[in-house]
Amino acid sequence: AQSVTQLDSQVPVFEEAPVELRCNYSSSVSVYLFWYVQYPNQGLQLLLKYLSGSTLVESINGFEAEFNKSQTSFHLRKPSVHISDTAEYFCAVTPPGGYNKLIFGAGTRLAVHP
Amino acid sequence: SQTIHQWPATLVQPVGSPLSLECTVEGTSNPNLYWYRQAAGRGLQLLFYSVGIGQISSEVPQNLSASRPQDRQFILSSKKLLLSDSGFYLCAFSTGSSDEQYFGPGTRLTVT
């Protein structure tokens, strides 16, 4: 069975500092990988995704994630965070063709302090 | 454009009362539909998914049920709520042309 592990439940960081949110998955088959962001009392928004091709994917707001097949990881990074990045971040996987049944990690709460 | 709606936004219900949460999608046909629950401090758990009208698959045994009476309508129900049913319920959809899911704004349910 597939599973997703987000190693940090909370990550406090100062504004303009770099951040890395870790995500590891277990699967015996190839998967698609996603990062979603959830602002307080809202639904989830897709941040970025890896389906195939280049292992480094980027979002429009400066986040990037790198797919590492050998380490089964998909860590999310940003070189300089803003107060507005404070949110909960979820890593998710789904097997291709599996009706997009996403398996989510427990989430990482990113708190950016001034 | 494609949009997804959920209501109500918040709900407080006593133990033993019935539940009906509604989700509708606009701007696409024959979407895959999903219900998730997010308990406090935990990740999202897939409850049900549907690939067509009247086709419901349950991922975990529980006190809830789902129905899809129309192509773009997905309903989550319970006959008698339990305290453990409290949480944030999210509806989502995906289409055949995309591998990502689009989430609604969610319903916060508190069972007292």
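None of these values were measured; they are calculated from a predicted model.

### With respect to the interface of chain B and chain A
Right, on to step 1. The partner chain A presents 19 residues to the 22 residues of chain B that form the contact.
Right, on to step 2. Where chain B packs against chain A, one counts two salt bridges.
Right, on to step 3. The partner of Lys49(A) in a salt bridge is Glu100(B), with the nearest N and O atoms 3.1 Å apart.
Right, on to step 4. Viewed at the interface, chain A and chain B are joined by three residue pairs in polar contact (both at pLDDT 80 or more).
Right, on to step 5. Put simply, the parts of the chain that give the side of chain B that touches chain A at least two residues each are strand 4 (32-38), strand 5 (44-52) and strand 9 (87-94) of chain B.
Right, on to step 6. Its residues assigned to classes, the side of chain B that touches chain A comprises 10 nonpolar, seven polar and five charged.

### Describing the packing of aromatic side chains
Right, on to step 1. Inspection of the entire model under this criterion finds 13 aromatic pairs over all chains.
Right, on to step 2. A ring pair is formed by Phe90(A) and Phe104(A), whose centres lie 6.3 Å apart and whose planes are at 90 degrees; its orientation type is edge-to-face. Taken together, the residues span a long stretch of sequence, with Phe90(A) in strand 10 (residues 87-94) and Phe104(A) in strand 11 (residues 103-104) at a distance of 14 residues. The same class applies to Phe90(A) as to Phe104(A), namely buried.
Right, on to step 3. Taking 5.5 Å as the distance between ring centres and 90 degrees as the angle between the ring planes, the aromatic pair formed by Phe104(A) and Tyr36(B) counts as edge-to-face. Of this pair, Phe104(A) sits in strand 11 while Tyr36(B) is found in strand 4, placing the two residues in two different chains.

### Quick look at the layout of surface pockets
Right, on to step 1. Here the largest pocket defines a volume of roughly 350 Å³.
Right, on to step 2. For the largest pocket, the lining is made up of 15 residues, of which Arg42(B), Gly43(B), Leu44(B), Gln45(B) and Leu46(B) are closest to its centre.
Right, on to step 3. Here the residues of the lining of the largest pocket are counted per class, giving eight nonpolar, four polar and three charged.
Right, on to step 4. By volume, the second largest pocket amounts to about 270 Å³.
Right, on to step 5. Contributing to the lining of the second largest pocket are 16 residues, with Gln38(A), Glu88(A), Arg109(A), Gln38(B) and Arg108(B) lying nearest its centre.
Right, on to step 6. Elements represented by at least two residues in the lining of the second largest pocket include exactly strand 10 of chain A together with strand 9 of chain B.

### So, the sheet that holds strand 3 (residues 19-26) of chain B
Residues and elements named next belong to chain B.
Right, on to step 1. Strand order in the open sheet formed by four strands is 1-3-8-7, and the pairing between neighbours is antiparallel. Of all the strands in the sheet, the pair left with one neighbour each is strand 1 (3-7) and strand 7 (65-70). The average undirected angle you get between the axes of adjacent strands in this sheet is 20 degrees.
Right, on to step 2. Pairing of strand 1 with strand 3 involves five bridges; the strand directions are antiparallel. Looking at strand 3, one finds that Gln6 is bridged to Cys23.

### Considerations on the nonpolar core
Right, on to step 1. Counting residues in each nonpolar core, the largest one holds 27 residues, and the members touching the most others are Leu33(A), Trp35(A), Leu47(A), Leu48(A), Phe74(A), Leu76(A) and Tyr89(A).
Right, on to step 2. When residues of this core are traced back to their parent elements, those giving at least two are strand 2 (10-14), strand 3 (19-21), strand 5 (32-38), strand 6 (44-50), strand 8 (64-68), strand 9 (73-78), strand 10 and strand 12 (108-113) of chain A.
Right, on to step 3. Looking at this core, the element that brings in the most residues is strand 10 of chain A, giving four residues.
Right, on to step 4. Setting aside anything within four residues of it in sequence, one finds Leu47(A) in contact with Trp35(A), Tyr36(A), Val37(A), Ser59(A), Asn61(A), Phe63(A), Leu76(A) and Tyr89(A).
Right, on to step 5. Core analysis: the second largest hydrophobic core is formed by 21 residues, Ile4(B), Leu11(B), Leu19(B) and Leu64(B) among them.

Calculation criteria
- Throughout, a residue's number is its position along its own chain's written sequence, starting from 1.
- Both sets of labels track the order of writing: A upward for chains, 1 upward for ligands.
- Reporting in this predicted model follows two pLDDT cut-offs: at least 70 for local features of residues, and 80 or more for side-chain atom pairs to be given and counted; totals over whole chains, interfaces and linings ignore these cut-offs and use all residues.
- Values shown for side chains rest on all heavy atoms present in the structure; no hydrogens or waters enter the calculation.
- It only takes one pair of heavy atoms within 4.5 Å for two residues to be counted as in contact.
- By salt bridge we mean one thing: a side-chain nitrogen of Lys or Arg within 4 Å of a carboxyl oxygen of Asp or Glu.
- Two N or O atoms count as a polar contact when they lie within 3.5 Å, although within protein this holds only if one can serve as hydrogen donor and the other as acceptor, and sequence-adjacent residues are included solely when both atoms are side-chain atoms.
- A run of H or I in DSSP counts as a helix once it spans at least four residues, and a run of E counts as a strand once it spans at least two, with each numbered from the N terminus.
- Only Asp, Glu, Lys and Arg are considered charged in this grouping, and only Ala, Val, Leu, Ile, Met, Phe, Trp, Tyr, Cys and Pro are considered nonpolar; every other residue, Gly among them, is considered polar.
- Classification of ring pairs rests on two measures: the distance between centres of Phe, Tyr or Trp rings, Trp counted by its six-membered ring, which must be within 6.5 Å, and the angle between planes, read as stacked under 30 degrees, edge-to-face over 60 and tilted in between.
- In this scheme, a residue with accessible area under 20% of its type's maximum is buried, one over 50% is exposed, and one in between is partly exposed, where area comes from a 1.4 Å probe on protein chains only.
- Detection works on a 1 Å grid of protein atoms alone, calling trapped sets that fit a 1.4 Å probe cavities and calling open sets with protein on both sides within 12 Å along at least five of seven lines pockets, with lining residues defined by an atom within 4 Å of a point.
- Grid points are joined across faces, edges and corners, and a volume is the space filled by probe spheres set on the points.
- At least two DSSP bridges between two strands are required for those strands to pair.
- A fitted line through C-alpha atoms serves as each axis, taken over the contacting stretch for helices, and the angle formed by two N-to-C directions is quoted from 0 to 180°.
- Here the nonpolar core consists of buried residues drawn from Ala, Val, Leu, Ile, Met, Phe, Trp, Tyr and Cys, with membership extended through side-chain atoms lying within 4.5 Å.

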